[in-house]
Amino acid sequence: MESMISRRDFLQATAAASAIVAASGLGPLGRVAAQQKLTQADILKFDPLGTVTLLHVTDIHAQLVPLYFREPSINLGVGDVKAQPPHLTDQAFRSYYRIANGSADAHALTADDFTSLARTYGRMGGLDRVATLVAAVRAERGADKVLLLDGGDTWQGSWSALQTKGQDMVDVMSALKTDAMTAHWEFTLGAERVKEIADKAPFAFLAQNVRDSEWQEPVFEARKMFERGGAKIAVIGQALPRTAVANPRWMFPKWEFGIREDEMQKQVDQSRAEGADVVVLLSHNGFDVDRKLATRVKGIDVILTSHTHDALPELVKVGNTVLAASGSHGKFVSRLDLAVKDKRVTDIRFKLMPVFSDAIAPDPAMKALVEKIRAPYAAELATVIGRTDSLLFRRGNFNGTFDDLICDAMLTQRDAEISLSPGFRWGGTLLPGDAITWEAITNATAMTYPACYRQQMTGEQLKLILEDVADNIFHPDPYFQGGGDMVRVGGMGYAIDVSKPAGDRISNLTHLKTGQPIDAKKSYVVAGWASINEGTQGPPIWDVLRSHVSAQKTIQLKENAAVRVSGT
Amino acid sequence: MHVVSSEYSRRDALRLAGFASLAVIVAAGRADATPDEVASAIAKLYGEKKFGSGKIKLDVPEIAENGLVVPINVEVESPMTDADYVKAVHVFAEGNPLPNVVSYKFTPACGKAFAATRMRLAQTQDIICIAEMSNGSLYMTKSQVKVTIGGCGG
């Protein structure tokens, strides 16, 4: 059997190769020594600028209450963006942004000391805490100067969002007085439901790149002009261009997406013609796609990025456009103050505000609303199914321990030789010793196409799948990427060279149980979930996971040594 | 405008659950064209003539949302007068069994050389577009369209 180098070995090799200088500087939160907890005032501290403030939240994934969420320790960039932000992790990230080891920022933004820092700094997020920050900024600036924008992936990711078809999040985001949003996972509620909400919501639902497939007519408003602080601000929405590829198209069969650069340029030009002082793109393209788009579409001042869940403590500048990356799961609120003079942005000041739930007093009205929304499910969500001795997390290009658990569950509960779990980036983190509640299980699985299928696939088919998904992540041109992380595999190991072209990246497929190479012609029993095809048969994945955790009682995962990575 | 459309039908692969869709395509073992075959077919049509670049705007998606109906828009820059117009536009899909997907013929009366259609693509491949001008000059451009099994995004 080909020996498989573990993820840990890979990390050590990478760290050694890049000769990282130990971080000793202070983080962008500044003046806060390592291991010293932040206060609400520290988090809000901001030297105001100009007359316009943009607040950005994104990829909340329906997380109403504080949670742990571990950032990735592997997030590879390819082509021009190799080792560029946001493709930095752990020590490399802290060195780049001068973040002290062990600091609050280190906990919020990096992964390598997650368990101990989580115990020091506590959970992050919670919409009642977000509401406190938003209210404080509105009070400081005056509400007439502040625009609150939501990048989408808001209505999916929890049991209550699934049960209410997103209504819980719509109510909360309405109470937060969100001005506009765009979307991705929202579409998995189905076309009719999305339209119903978009037509009624008090906020604008913006997406310039969604068209009716028959007549190519816009399905949603493309943009909206706001007036804040005496300036006219055009906000253009961009839904995930790959929604119809990444998610089940049969749920919105008459809608087409795509990047639609030419139409984007027209939206920008029309905004300027209508007198916009500031043009903001509220985008769900993902960071690398937005970075490329900024070089090709002229006249955008600010791109508020999302989808790829990156959290960056500084803006990234591309020509005359700045990009902000505001993280996910309610962990951060971005604030951008803009000075506007003679119909142009003359200066921008930025802060990625970390939502440390222990430091921020919950907004009483939002706390009450969240409790009311969760009340019908509270007992069910709190049900303890088992416990974990291992840190359970999602993010990482190739593995996450939560997916290792889901893959194990499919192997045992569905009596499969190999299991496949999609590379979703959403879902909370559990610390060693934590209870695995129904809430924890559904935070990692709640979505509208959960069937866990079981079927035969040949070795050749398995390789094709891995190659296809790998090209969606490691295609050197971000416009050809589909998003997500690598499909997670149970029962099978493989090697991947991310620098190779499509079709040549994957090798050494190994059936872990026997240690034998995967035979291209042989059929294997494969279980998986989240198929995008209509009519997929099988029990919902949360029931499969529940049965497995219930039977195991305590989860102890071995180091996943099944993926060997090269070409980084 | 005269349209010649190929009758190629993609295997009905998307019916199977999960990741099985690509698998069926492979198992079916089609006789797809190869890029070399398409290149030699083009060489046979135009011999040693040189192709210019520019003039053609070929608008195809980077990633097909539905391989059964991939939208394609072609526009060729031309005054479209009796003295100077686009005579024909040919679209080739390098990986399709019948690679000459569609040909459009134009006259100055068309006003502009623009055409839009949808084509079936079973796999990732280059789309090649050739424009024949009234003075005999030729232009060529190509764009890749990726056909993926999808899923796993998010």
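Residues numbered from 1 in each chain as written. Chains lettered and ligands numbered in written order. Predicted model: local features only at pLDDT ≥ 70, side-chain atom pairs only at ≥ 80, totals over all residues. Heavy atoms only, no water.

1. Topic: the sheet that holds strand S17 (residues 435-437) of chain A
Residues and elements named next belong to chain A. Strand order in this open sheet of three strands is S17-S15-S24, and the pairing throughout is mixed. Edge strands, defined here as strands with exactly one partner in the open sheet, are S17 and strand S24 (554-555). Direction of pairing for strand S15 (residues 384-388) relative to S24: parallel, over a ladder of two bridges. Looking across to S24, one finds that Arg387 is bridged to Thr554. Sitting on the sheet, helix H18 (residues 541-552) touches S15, S17 and S24, and the angle it makes with S15 is about 65°. (Pairing = 2+ DSSP bridges. Helix = DSSP H or I, 4+ residues; strand = E, 2+ residues; numbered from the N terminus. Contact = heavy atoms within 4.5 Å. Axes fitted to C-alpha atoms, helices over the stretch in contact; angles between N-to-C directions.)

2. Quick notes on the environment of Gly433 of chain A
All names here are of chain A. As for its placement among the helices and strands, Gly433 is situated in the loop between strand S16 (418-423) and S17. The exposure class assigned to Gly433 is partly exposed, which follows from its relative accessible area of 40%. Aside from chain neighbours lying at most four places away, what touches Gly433 is Arg387, Thr388 and Asp389. (Buried < 20%, exposed > 50% of the residue type's maximum accessible area, 1.4 Å probe, protein only.)

3. Quick notes on the pairing of strand S3 (residues 56-59) of chain B
All names here are of chain B. Burial along S3 is one-sided: the face carrying Ile56 and Leu58 is buried and the face carrying Lys57 and Asp59 is not. Two elements, S3 and strand S4 (residues 70-76), share four bridges in a ladder whose sense is antiparallel. Bridged to Leu58 within S4 is Val74.

4. Remarks on the sheet that holds strand S3 (residues 180-181) of chain A
Sheets are built from strands that pair by backbone hydrogen bonding, the pairs being arranged parallel or antiparallel. Residue and element names in this part refer to chain A. In space, the six strands of this open sheet follow the order S4-S3-S2-S1-S13-S14, with mixed pairing throughout. Every other strand in the sheet has two partners, leaving strand S4 (204-205) and strand S14 (344-354) as the edge strands with one partner each. Pairing of S3 with S4, which is carried by two bridges, proceeds in the parallel orientation. By the bridge assignment for S4, Met181 is matched with Phe205.

5. With respect to helix H12 (residues 287-296) of chain A
Residues and elements named next belong to chain A. A large share of H12 lies buried, amounting to eight of its 10 residues. Looking at H12, one finds that the buried residues are Phe287, Asp288, Val289, Asp290, Arg291, Lys292, Leu293 and Ala294. Each element contacted by the buried residues of H12 is listed here: helix H11 (261-273), strand S9 (278-283), strand S10 (302-305), strand S11 (316-318) and strand S12 (321-325).

6. Notes on the pairing of S15 of chain A
Here S15 of chain A runs beside S17 of chain A; their pairing, made up of three bridges, is antiparallel. Within the sheet, the bridge partner assigned to Val384 of chain A lies in S17 of chain A and is Thr437 of chain A.

7. Examining the pattern of salt bridges
By the definition in use, this model includes 33 salt bridges over all chains. The shortest N-O distance in the salt bridge between Glu62 of chain B and Arg242 of chain A comes to 3.0 Å. Of this pair, Glu62 of chain B sits in the loop between S3 and S4 while Arg242 of chain A sits in the loop between strand S7 (231-238) and helix H10 (243-246), on two different chains. The pair formed by Glu62 of chain B and Arg242 of chain A is uniform in burial state, with each residue classed as buried. (Salt bridge = Lys/Arg side-chain N within 4 Å of Asp/Glu carboxyl O.)

8. Some details on the confidence of the model for chain A
In low-pLDDT segments, the atomic positions of the prediction should not be examined closely. Averaged over chain A, the pLDDT score is 93; the fraction of residues at 70 or greater is 94%. Contacts for the low-pLDDT stretch residues 1-33 of chain A, under 50 throughout, to residues beyond four places or in other chains number 63 contacts. (pLDDT = per-residue confidence, 0-100.)

9. A look at the environment of Asn472 of chain A
As for its placement among the helices and strands, Asn472 of chain A is situated in helix H17 (residues 459-474). For Asn472 of chain A, a relative accessible area of 6% puts it in the buried group. Each C-alpha atom of the pair Asn472 of chain A and Ala244 of chain A lies 14 Å from the other, and the pair is 228 residues apart in sequence. Apart from the residues within four sequence positions on either side, Asn472 of chain A is in contact with Phe480, Gln481, Gly482 and Gly483 of chain A together with Lys146 and Thr148 of chain B. In terms of polar contacts, Asn472 of chain A uses its side chain to reach the side chain of Lys146 of chain B, at 3.2 Å. (Polar contact = N/O pair within 3.5 Å; in protein donor to acceptor, adjacent residues only side chain to side chain.)

10. Comments concerning the interface of chain A and chain B
Counting from both sides, the interface comprises 49 residues of chain A and, opposite them, 27 residues of chain B. Between chain A and chain B, the buried area comes to about 2900 Å², and carbon and sulfur atoms account for 53% of it. When the buried surface of chain A facing chain B is broken down by residue, Val245, Phe480 and Asn533 of chain A rank first, second and third, together holding 20% of it. At the boundary of chain A and chain B, one finds four salt bridges. Viewed at the interface, chain B and chain A are joined by 12 residue pairs in polar contact (both at pLDDT 80 or more). Taken together, the elements giving at least two residues each to the side of chain A that touches chain B come down to H10, strand S8 (255-256), S16, strand S18 (452-458), H17 and strand S19 (485-490) of chain A. Per-element tally for the side of chain A that touches chain B: the top contributor is H17 of chain A, with eight residues. In terms of residue class, the side of chain A that touches chain B is made up of 21 nonpolar, 19 polar and nine charged. (Buried area = accessible area lost by both parts, 1.4 Å probe. Nonpolar A, V, L, I, M, F, W, Y, C, P; charged D, E, K, R; others polar.)

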